[in-house]
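# Summary of structural features
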Amino acid sequence: MTLWDSQAYVAGARAASVDQKVVAAALGHANAIRSVSRDLPVIFTLAHLAKMCGVSHRYLIEVADRGSDPYRDYIAKKRERPQASAVSRRYRTICIPDPELKKVQRWIHHNILSKIAPHPASTAYADNSTLLAAASRHVNARWLVKIDIERFFESIKEPYVASVFERLGYPDLLSFQFARLCTRLPTAKSRKEIFRRHSKPTNGVMKNEWIGFLPQGAPTSPQLANAVMRRFDRRIAALSKKAGLRYSRYSDDLIFSTRGHFSRDHAATFVHEVYDVLGAHGFEANRTKTSVAAPGARKVVLGLLVDRDEPRLTKEFRSNIETHLHYMERADVGPVAHANARKFDSIIGLQNHLFGLIAFARQIDRAYGDELKSRIRAIAWPA
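How each quantity is defined
Residues numbered from 1 in each chain as written. Predicted model: local features only at pLDDT ≥ 70, side-chain atom pairs only at ≥ 80, totals over all residues. Heavy atoms only, no water. Helix = DSSP H or I, 4+ residues; strand = E, 2+ residues; numbered from the N terminus. Buried < 20%, exposed > 50% of the residue type's maximum accessible area, 1.4 Å probe, protein only. Contact = heavy atoms within 4.5 Å. Areas by Shrake-Rupley, 256 points an atom, 1.4 Å probe, with all protein chains shown as cover. Axes fitted to C-alpha atoms, helices over the stretch in contact; angles between N-to-C directions. Parallel < 35°, antiparallel > 145°, perpendicular 65-115°, else oblique. Nonpolar A, V, L, I, M, F, W, Y, C, P; charged D, E, K, R; others polar. Expected span 1.5 Å × (residues − 1). Salt bridge = Lys/Arg side-chain N within 4 Å of Asp/Glu carboxyl O. Pairing = 2+ DSSP bridges. pLDDT = per-residue confidence, 0-100.

## Some remarks on the overall build of the protein chain
Along the protein chain, the regular secondary structure elements total 16 helices and 11 strands. In the protein chain, which comprises 383 residues, the share counted as buried stands at 45%. Across the protein chain, the fraction of contacts at a sequence separation of at least 24, relative to all contacts at a separation of at least 6, is 69%. Of the roughly 19900 Å² of accessible surface on the protein chain, a fraction of 51% belongs to carbon and sulfur atoms.

## Digging into the packing of helix H3 (residues 46-53) against helix H5 (residues 99-111)
Two measures define how a pair of helices packs: the angle their axes make with one another and the distance between the axes. It is at 10 Å that the axes of H3 and H5 come closest, and there the two elements cross at 95°. Considered as vectors, H3 and H5 are oriented roughly perpendicular to each other. Contacts between H3 and H5 involve Leu-49, Met-52 and Cys-53 on the former and, on the latter, Lys-103, Val-104 and Trp-107. Its residues assigned to classes, the contact of H3 with H5 shows five nonpolar, no polar and one charged.

## Quick look at helix H15 (residues 347-364)
Compared with an ideal rise of 1.5 Å per residue, which puts 18 residues at 26 Å, H15 spans 26 Å between its outermost C-alpha atoms and is within 8% of the ideal. Every buried residue belonging to H15 is among Leu-350, Gln-351, His-353, Leu-354, Leu-357, Ile-358, Phe-360, Ala-361 and Ile-364, and all of these are buried. Looking at the buried positions of H15, the neighbouring elements they touch are helix H6 (131-136), strand E10 (304-305), strand E11 (312-313), helix H13 (315-329), helix H14 (334-341) and helix H16 (366-377).

## Some remarks on the pattern of salt bridges
Tallied over the full model, the rule gives 13 salt bridges. Between Asp-73 and Arg-184 there is a salt bridge, and its shortest N-O distance comes to 2.6 Å. Of this pair, Asp-73 sits in strand E1 (residues 71-77) while Arg-184 sits in the loop between helix H9 (172-182) and strand E4 (196-202); the two residues are 111 residues apart in sequence, bridging distant segments of the chain. Asp-73 sits in the partly exposed class, given a relative accessible area of 40%. Residue Glu-316 pairs with Arg-298 through a salt bridge whose shortest N-O separation is 3.1 Å. Linking Glu-316 in helix H13 with Arg-298 in the loop between strand E8 (291-293) and strand E9 (300-301), this pair joins segments that are 18 residues apart in sequence. Looking at Glu-316, the relative accessible area reads 36%, which means it is partly exposed. Overlapping salt bridges bring together Arg-66, Glu-158 and Arg-180 as one network.

## Remarks on the sheet that holds strand E6 (residues 246-250)
With antiparallel pairing, the four strands of this open sheet are ordered in space as E6-E7-E3-E8. At either end of the open sheet lies a strand with only one pairing partner, and these are E6 and E8. The average undirected angle you get between the axes of adjacent strands in this sheet is 15°. Here E6 runs beside strand E7 (residues 253-258); their pairing, made up of five bridges, is antiparallel. In the strand pairing of E7, Ser-248 is matched with Ile-255. The strands touched by helix H11 (residues 230-243) within the sheet are E6 and E7, with E6 carrying the most contacts at an inclination of about 155°.

## A closer look at the confidence of the model for the protein chain
Taken residue by residue, the protein chain gives an average pLDDT of 89. The fraction at 70 or more is 90%. Below a pLDDT of 50 lies the segment residues 82-89, which in the model reaches 20 contacts outside its immediate sequence neighbourhood of four places, other chains included. Residue range residues 193-201 is modelled with pLDDT below 50. Its contacts to residues more than four positions away, or to other chains, number 27 contacts.

## Some remarks on the pairing of E6
Here E6 lies mainly inside the structure; four of its five residues are buried. Count of turn residues in the E6/E7 antiparallel hairpin: two residues, of which Ser-251 carries a positive phi of about 60°.

## Topic: unusual backbone geometry
The backbone of Ser-17 shows a phi angle near 60°, a positive value even though the residue is not glycine. In this fold, Ser-17 is placed in the loop between helix H1 (6-15) and helix H2 (20-36). Relative accessible area serves as the criterion here: at 64%, Ser-17 is assigned to the exposed category. Positioned with a positive phi, Leu-302 is a non-glycine residue whose angle comes to about 55°. Here Leu-302 shows up in the loop between E9 and E10.

Here it is in structure tokens:
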């Protein structure tokens, strides 16, 4: 990507006899973007973006105008915490953009969104983010409070996304179009109250209008989620500090802990204060998942125990993976029968699942992870 050069732009505009008012407006937009960060690309219009990305301007107009749905849905097993078993898996809908839109989204991600630093409390979707690093923030916890955000990505709507680009200095219309390129309208199958913008009468008939949301599966969604959540994270970090709690957010998981004194009354008050902030930012807590762990109770953050100096693997994690290995090592069971019994789609799926768990185990407990690695390599996998 060529860096912006105002002198070259002015010279080129003069040579092309561009109206001076247009040149002045363009320079104003460029200065607004450059005042935020000199690393951000200067983009003026959707046509300019199309040229930078190497895609059709007409195609971008169609997507921005919601002329078609450029996504297809893929039902995928949820990525579970490391201690979860295959039986407990659930499913989520992954929205896969078509190749042209994915190309544009990757360009936006690489050239714009990657320049935005998330709030320090955010521990997901960064280049160096790991579950270990996220859980390490809460070691030696005496009290642990966890709150889960309901329908996290679906709750991040088009206007929030547009505001991210506006704060980066991009023109209002282009910011709106950026948001349209990075969001998706709900399909007829997935429409819920959470998506409805408002209802208004048209010729005496009530008409529902729908609004775009961040689709899971788009290359731009993780970083946009973090950018949208910066103000929320700032408010919650201040609220946590006042309460004497450490705070981190791993995507939709809000985690609070303290090594000091606390109480259930304080916890109840604090939880409802967080609920209020969530509501003010357009989110809702999944209250069935809110938990408070007092001294003496297990303290688990993102699948790791955090009640000591370093995060540790849970007994459930060890039991789960050792059970897998036990049955695959048995001559009367083996990998194929075990994969079928656990309802894996294929042997490759089982292998990927176990190698992923072992890689995670090695991050936390190298000696234990190496032992598991030796055992799985000794298994007679089918050719």
